[in-house]
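Observations on the model geometry
If you want the building blocks of each chain, they are given just below.
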Amino acid sequence: MFAKLHHRDSEQIFSFWGYGETTQLSPGSGLYVGRTGVVLNHHFVLSVHQPEYEFTAGDYRVEVFARVVGKKRPAKLAEGSVSVTEEQAAILANRGGILFELSSDGQTYIGHARDEMPQAAGPA
């Protein structure tokens, strides 16, 4: 799998893919998906062989592709868009993380810094 990021007139491919939780990622080299599907957290990262990518404020379009056994061309699995604010771009420049969650209307993604994630409510 890989992700293709479009911003203004540029395109960047994030070719290293892993799945799992942020503290325990498994590098992806293949994934069997049966009829019932599979649910995992997917992470796309630049290859160490590519120059660093600088996120700037603005709108991004993200496409996710998979190379399917027996097919010559990768299959596009999903496409979506996100907006990065100036503040979020600064966090990303300092190697911080931004989590994008689907809004309640199901139409847009809203980003927030990883250390600003809501905490689960404890017992009262």
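This text goes with the structure placed above it.
Parameters and conventions
- Residues numbered from 1 in each chain as written.
- Predicted model: local features only at pLDDT ≥ 70, side-chain atom pairs only at ≥ 80, totals over all residues.
- Heavy atoms only, no water.
- Helix = DSSP H or I, 4+ residues; strand = E, 2+ residues; numbered from the N terminus.
- Buried < 20%, exposed > 50% of the residue type's maximum accessible area, 1.4 Å probe, protein only.
- Lys, Arg positive; Asp, Glu negative; His and termini not counted.
- Salt bridge = Lys/Arg side-chain N within 4 Å of Asp/Glu carboxyl O.
- Contact = heavy atoms within 4.5 Å.
- 1 Å grid on protein atoms, 1.4 Å probe; cavity = no way out; pocket = protein on both sides within 12 Å on 5 of 7 lines; lining within 4 Å.
- Points joined across faces, edges and corners; volume = space filled by probe spheres on them.
- Nonpolar A, V, L, I, M, F, W, Y, C, P; charged D, E, K, R; others polar.
- Pairing = 2+ DSSP bridges.
- Axes fitted to C-alpha atoms, helices over the stretch in contact; angles between N-to-C directions.

On to the side chain of Lys4, then. Relative to the helices and strands, Lys4 is located in strand E1 (residues 2-7). As a buried residue without a salt bridge, Lys4 has its nearest oppositely charged side chain in Glu11, at a separation of 4.1 Å. Ignoring anything within four residues of it in the chain, the contact list for Lys4 reads Glu11, Gln12, Ile13, Arg61, Val62, Glu63 and Phe65.

Before going further, it helps to spend a moment on the layout of surface pockets. A volume near 1900 Å³ is recorded for the largest pocket. As for the largest pocket, its lining consists of 41 residues, of which His42, His43, Phe44, Ile98 and Phe100 are closest to the centre. Secondary structure elements with two or more residues in the lining of the largest pocket: E1, strand E5 (42-45), strand E6 (58-66), strand E7 (75-84), helix H1 (86-93) and strand E8 (98-102). When residues of the lining of the largest pocket are assigned to their parent elements, the largest contribution, 7 residues, is made by E7. Looking at side-chain class alone, the lining of the largest pocket contains 26 nonpolar, 9 polar and 6 charged residues.

Taken together, 3 strands build an open sheet; the order of strands is E4-E3-E5 and the sheet is antiparallel. Pairing within the sheet leaves two strands with one partner each, and these edge strands are strand E4 (24-27) and E5. Strand-to-strand twist of the sheet, defined as the mean angle between neighbouring strand axes without regard to direction, takes the value 35°. Where strand E3 (residues 16-21) and E4 come together, 4 bridges link them in antiparallel fashion. Note that in E4 the partner of Gly18 across the bridge is Pro27.

What follows covers the sheet that holds E1. The strand order across the open sheet built from 4 strands is E2-E1-E6-E7, with neighbouring strands paired in antiparallel fashion. Where the open sheet ends on each side, the last strands, each with one partner, are strand E2 (10-14) and E7. On average, each strand axis in the sheet is inclined to that of its neighbour by 20°, with strand direction left out of account. With 9 bridges connecting them, E6 and E7 associate as antiparallel partners. Within E7, the residue paired with Tyr60 across the bridge is Val82.

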